[in-house]
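Structure at a glance
Here are the chains, one letter per residue:
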Amino acid sequence: MQLKDKYIFDSNSFSSVNEFFEDVVLKETGGSKLSPKHLGDVRIDSTTLIDVKSINMGKKFHMPNLASQNKLYDYLQDDKNTLMYLLIWYEKDGNNLHINKWALKHIEELDPKCLVVQSQGLGVLQIKNANKLEFISKINRKKWLNILKSMVESFLLKEEIKIKNIRNKYK
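A brief structural summary. Here the residue index of a chain counts from 1 through its sequence in written order. Per-residue local features of the predicted model are confined to residues with pLDDT of at least 70, and side-chain atom pairs are confined, for both listing and counting, to 80 or more; whole-chain, interface and lining totals are unaffected and use all residues. Values reported for side chains reflect all heavy atoms of the structure, with hydrogen atoms and water molecules removed beforehand.

**Considering the overall build of the protein chain**
Within the protein chain one finds 3 helices and 9 strands. A run of DSSP states H or I qualifies as a helix once it reaches four residues; a run of E qualifies as a strand once it reaches two. Both are numbered from the N-terminal end. For the protein chain, the α and β elements follow one another from N to C terminus as β-α-β-β-β-β-α-β-β-β-β-α. Seen along its three principal axes, the alpha-carbon backbone of the protein chain occupies a region of about 55 × 35 × 30 Å. Each of the 171 residues in the protein chain was classed as buried or not, and the buried ones make up 43%. Exposure is judged per residue with a 1.4 Å probe applied to protein chains only, and the accessible area is read against the type maximum: over 50% gives exposed, under 20% gives buried, and values in between give partly exposed.

**Description of the environment of Leu110**
For Leu110, the position within the fold is in the loop between β7 (96–106) and β8 (115–118). Classification of Leu110 as buried rests on a relative accessible area of 0%. Linking Leu110 and Thr47, residues 63 residues apart in sequence, is a C-alpha distance of 19 Å. Residue contacts follow a heavy-atom distance rule, with two residues in contact if any of their heavy atoms lie within 4.5 Å. Look past the residues within four positions of Leu110 in its chain and what remains in contact with it is Leu66, Tyr85, Leu87, Lys105, Leu115, Leu133, Glu134, Phe135 and Ile136.

**Regarding the pattern of salt bridges**
By definition here, a salt bridge exists when the distance from a side-chain nitrogen of Lys or Arg to a carboxyl oxygen of Asp or Glu is within 4 Å. Enumeration over the complete set of coordinates arrives at 7 salt bridges. Lys27 is the salt-bridge partner of Asp23, the closest N and O atoms lying 2.9 Å from each other. Linking Asp23 with Lys27, this pair stays in helix α1 (residues 17–29), spanning 4 residues, or about one helical turn. Residue Lys27 is classed as exposed on the basis of its relative accessible area of 66%. Lys113 is paired through a salt bridge with Asp111; the nearest N and O atoms lie 3.9 Å apart. Taking the relative accessible area as the measure of exposure, Lys113 reaches 53% and is therefore exposed.

**Remarks on the packing of aromatic side chains**
Think of it this way: a Phe, Tyr or Trp ring, Trp meaning its six-membered ring, pairs with another when their centres are within 6.5 Å, and the plane angle makes it stacked under 30 degrees, edge-to-face over 60, tilted otherwise. As enumerated under the stated definition, the model contains 6 aromatic pairs in all. Relative to Phe20, the ring of Phe14 has its centre 5.4 Å away and its plane inclined at 85°; by these criteria the two rings are edge-to-face. When sorted by exposure, Phe14 lands in the same class as Phe20, which is buried. Aromatic rings pair up to connect Tyr7, Phe9, Phe14, Phe20, Phe21 and Tyr90 into one cluster. Of note, Lys101 hangs over the ring of Trp89, and the distance from its end group to the ring centre comes to 4.5 Å. Put simply, a charge is over a ring when the Lys NZ or the Arg CZ is close to the ring centre, within 6 Å, and near the line of the ring normal, within 35 degrees. The cationic tip of Lys105 hangs over the ring face of Phe135; the distance from NZ or CZ to the ring centre is 5.0 Å.

**Examining the pairing of strand β9 (residues 124–127)**
What you see with β9 is no split at all: Val124 and Gln126 on one side and Leu125 and Ile127 on the other are buried throughout. Pairing between strand β5 (residues 65–68) and β9: 3 bridges, direction antiparallel. Bridge pairing links Ala67 to Leu125 in β9. Two strands pair under a simple rule: DSSP has to find at least two bridges between them. With 4 bridges connecting them, β8 and β9 associate as antiparallel partners. If you follow Val117 over to β9, its bridge partner there is Leu125. Between β8 and β9, which follow one another and run antiparallel, lie 5 residues, and Gly121 among them has a positive phi close to 60°.

**Points about the nonpolar core**
Core analysis: the biggest nonpolar cluster contains 30 residues, and Leu72, Leu83, Ile107, Leu125 and Trp144 have the highest contact counts within it. When contributions to this core are tallied by element, the ones reaching two or more residues are β4 (48–56), β5, α2 (69–76), β6 (82–93), β8, β9 and α3 (141–169). We call a set of buried residues a nonpolar core when its members are Ala, Val, Leu, Ile, Met, Phe, Trp, Tyr or Cys and they connect through side-chain atoms within 4.5 Å of each other. Counting 19 residues, the second-largest nonpolar core is a separate cluster that includes Phe14, Phe20, Phe21 and Leu26.

**Focus on α3**
Three- or four-residue spacings in an α-helix give side chains the same orientation, since the helix completes a turn every 3.6 residues. Given a helix with a known number of residues, its expected span is that number minus one, times 1.5 Å. For α3, with 29 residues, the first-to-last C-alpha span of 42 Å sits near the 42 Å given by 1.5 Å per residue. For α3, the complete set of buried residues consists of Arg141, Trp144, Leu145, Leu148, Met151, Val152, Phe155 and Glu159. The N-cap residue of α3 is Asn140: its side-chain oxygen and the backbone nitrogen of Lys142 are 3.1 Å apart. Here a polar contact is recorded for every N or O atom pair within 3.5 Å, except that within protein the pair must consist of a potential hydrogen donor and a potential acceptor, and residues adjacent in sequence are included only if both atoms are side-chain atoms.

Written as structure tokens, this is what we have:
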């Protein structure tokens, strides 16, 4: 897949820049669009999903959600399944979207030190700061799932402390 350096954003046809780039991926790959609550945005084949993440360089800080840890864990239990992220760093000038850089990476290529599970629903995997995201050589699935498990355990410990503090408040 190859992205252009510049796109014209049509705000009449798309509600967000991310939705616009999802459409670009659909056209580039011939994939099929997935529902908003799905793990990815585009299904490439029976085992490959691409989730599009657009990062506006005009904003100082981005902490994008990657996926519900629960959906992620369930999907990646099957070694045949692949989840990739198309990360697009862009600047917006009127209707012009200038691509600064982009990367298409397997989830196992996102440096775990740049990821965290935070409070939303059952816990969501997020990039701590998209402007500081680093990539690594792809690690094996079992090791990656163990890293996710460790992040979820940390999240659950924080949640248990929060719940305990709330209970104590109302005793």
